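# What the coordinates show
One letter stands for each residue in the lines below.
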Amino acid sequence: MEEIPSQSIGKDDEDEIVMEAAAAVHGEPLQDGNCPPNVESAVEILQEKVTKQIIKEGHGRKPSKYATCFLHYRAWTESTQHKFEDTWHEQRPFEMILGKEKNEMTGLAVGVSSMKAGERALLHVGWELGYGKEGNFSFPNVPPMADIIYEVELIGFDEVKEGKARGDMTAEERIGAADRRKMDGNSLFKEEILEEAMQQYEMAIAYLGDDFMFQLFGKYRDMALAVKNPCHLNMAACLIKLKRYEEAIAQCTIVLVEDENNAKALFRRGKARAELGQTDAAREDFLKARKHAPEDKAILRELRLLDEHDRAIYKKQKEIYGGIFGPPPQPKPKPTNLLMRTWQWLILICQWLPSLIYRLFRRERHKAD
């Protein structure tokens, strides 16, 4: 498993993209997913029973026959709008080898073969290229002769001459394929092509899914984690740059489940939490990261920024609450002229003179008695 040098948090290295400033993750649905999305783009006829409308343009070339494609999709029956599959909800990309798909996936494969990496599209598929005349009464439950609507995103694809699925690869082949995707993602990140970089990282992670990792022990597990964890952290770096902070936190947390002392995961999660205003949680992450990288300047700088932020907040609150609970302002004396003051003195003398005369009279009478 890759060790993190104490000075590497704020610098680039070959295995991980490091950035100082800045659900399924990439490919998260644009809408809530209960109903098919409303799409206004032009309708493209792919076959007699398959049409396509582009929701988001992709890039590069299209997959060829026997390419291993990784995609997310949702599926509804067109007549009832009943959703019967959703890989976004399951947080697991679907793998399809073009030309070797199941019969009920024929229409979906026609649509995918017309797409570029990163493209999202809405497909309308006739029942003849879906679940057929009989439908499907197990899982998924699809009624007979049901036309299907798919919302699909092609994450990416591997061109393999003989169409070898992940399940048919050895552990070394799967780890090697994932590592190549990770390196492709790193190159795209350095060019600031963040969305495409995340596609590469997600494809790399798809090769190293939970079911595969569960079977690995010893050196093979260490080899796989040395590829998988950097992909999650690099995705977090992309997401922070894209200001998608909650998703970045989720990616870092995946790494921390495997390695609770991973300094880069703690640092990037702290960055994302700080951006969301979660200052206490961010400080906790930075302090823990500092234990494992005590000389790292990036961590020290973030802690200093948090302290400055707290002092500014305290000063502002003191000004606000000081005005509420502080001493009341003293009234300013009203200016008066000389005539007014003289009149006030005469009134005062008139009020006290009778009392003074009465006291003097009483005292003289007392002496006489």
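Please refer to the structure higher up on the page.
Residues numbered from 1 in each chain as written. Predicted model: local features only at pLDDT ≥ 70, side-chain atom pairs only at ≥ 80, totals over all residues. Heavy atoms only, no water.

### Topic: the overall build of the protein
The number of helices and strands found in the protein is eleven helices and seven strands. For the protein, the proportion of its 369 residues judged to be buried stands at 43%. Of the roughly 21500 Å² that the protein leaves accessible, carbon and sulfur atoms contribute 54%. (Helix = DSSP H or I, 4+ residues; strand = E, 2+ residues; numbered from the N terminus. Buried < 20%, exposed > 50% of the residue type's maximum accessible area, 1.4 Å probe, protein only. Areas by Shrake-Rupley, 256 points an atom, 1.4 Å probe, with all protein chains shown as cover.)

### A few points about the packing of aromatic side chains
The final tally for this structure, using the stated rule, is five aromatic pairs. Ring plane angle 70° and centroid distance 5.9 Å describe the contact between Y73 and Y150, whose orientation is recorded as edge-to-face. On the criterion of sequence distance, the pair formed by Y73 in strand β3 (residues 68-77) and Y150 in strand β7 (residues 148-158) is long-range, its members being 77 residues apart. Here Y150 falls in the buried class, since its relative accessible area comes to 1%. Centre to centre, the rings of F267 and F286 are 5.9 Å apart; their planes meet at 55°, and the pair counts as tilted. In this pair, F267 is assigned in helix α8 (residues 263-275) and F286 in helix α9 (residues 279-292), connecting sequence segments 19 residues apart. With a relative accessible area of 0%, F267 lands in the buried category. (Phe/Tyr/Trp six-rings, centres within 6.5 Å; stacked < 30°, edge-to-face > 60°.)

### Things to note about the pairing of strand β1 (residues 44-47)
Two elements, β1 and strand β2 (residues 50-56), share three bridges in a ladder whose sense is antiparallel. Directly across from Q47, in β2, lies its bridge partner V50. The hairpin turn running from β1 into β2, its antiparallel successor, is two residues long. (Pairing = 2+ DSSP bridges.)

### Overview of the pattern of salt bridges
This model, assessed by the stated rule, comprises 21 salt bridges. One salt bridge in this structure joins E195 and R244, with 3.6 Å as the shortest N-O distance. With E195 in helix α4 (residues 194-207) and R244 in the loop between α6 (218-241) and α7 (245-258), the pair connects residues that are 49 residues apart, well separated along the chain. Using a relative accessible area of 34% as the deciding quantity, one classes E195 as partly exposed. Salt bridges here are not isolated pairs; linked through shared partners, they connect K56, R74, K83, D86, R120, E151 and E153. (Salt bridge = Lys/Arg side-chain N within 4 Å of Asp/Glu carboxyl O.)

### Let's talk about the packing of α4 against α6
Geometrically, a packed helix pair is captured by the angle between its two axes and the distance between the axes. Two elements in contact, α4 and α6, have axes whose closest approach is 9 Å; the angle formed by their N-to-C orientations is 155°. Here α4 is positioned roughly antiparallel relative to α6, judged by the angle of their axes. The hand of the α4/α6 crossing is left-handed. Contacts between α4 and α6 pair L194, A197, M198, Y201, E202, A204 and I205 from the former with C231, H232, N234, M235, C238, L239 and K241 from the latter. Among the residues making up the contact of α4 with α6, the classes are represented as ten nonpolar, two polar and two charged. (Axes fitted to C-alpha atoms, helices over the stretch in contact; angles between N-to-C directions. Parallel < 35°, antiparallel > 145°, perpendicular 65-115°, else oblique. Left-handed = near helix turned anticlockwise from the far one by under 90°. Contact = heavy atoms within 4.5 Å. Nonpolar A, V, L, I, M, F, W, Y, C, P; charged D, E, K, R; others polar.)

### Overview of the packing of α6 against α7
Contact geometry of α6 with α7 gives a least axis separation of 8 Å together with a crossing angle of 160°. Viewed along their axes, α6 and α7 adopt a mutual orientation that is roughly antiparallel. Considering the relative orientation of α6 and α7, their crossing is left-handed. Residues R221, L225, K228, N229, H232, L233, M235, A236, L239 and I240 of α6 pack against Y245, E247, A248, Q251, C252, I254, V255 and E258 of α7. By residue class, the composition of the contact of α6 with α7 is eleven nonpolar, three polar and four charged.

### Things to note about the side chain of D86
With respect to the helices, strands and loops of the structure, D86 is situated in strand β4 (residues 83-86). The class for D86 is buried, based on a relative accessible area of 11%. A distance of 3.1 Å separates a polar atom in the side chain of D86 from a polar atom in the side chain of K83. (Polar contact = N/O pair within 3.5 Å; in protein donor to acceptor, adjacent residues only side chain to side chain.)

### Overview of the pairing of β3
Residues in a regular strand point their side chains to alternate faces of the sheet. In terms of burial, β3 is largely enclosed, as ten of its ten residues are buried. The side-chain alternation of β3 yields two buried faces, one formed by T68, F70, H72, R74 and W76 and the other by C69, L71, Y73, A75 and T77. By the bridge criterion, ten bridges tie β3 to β7 in an arrangement that is antiparallel. Note that in β7 the partner of T77 across the bridge is I148. Pairing of β3 with β4, which is carried by three bridges, proceeds in the antiparallel orientation. Residue pairing in the sheet places A75 in a bridge with E85 of β4. The antiparallel pairing of β3 with β4 creates a hairpin that spans five residues between the two strands, and Q81 there sits at a positive phi of about 60°.

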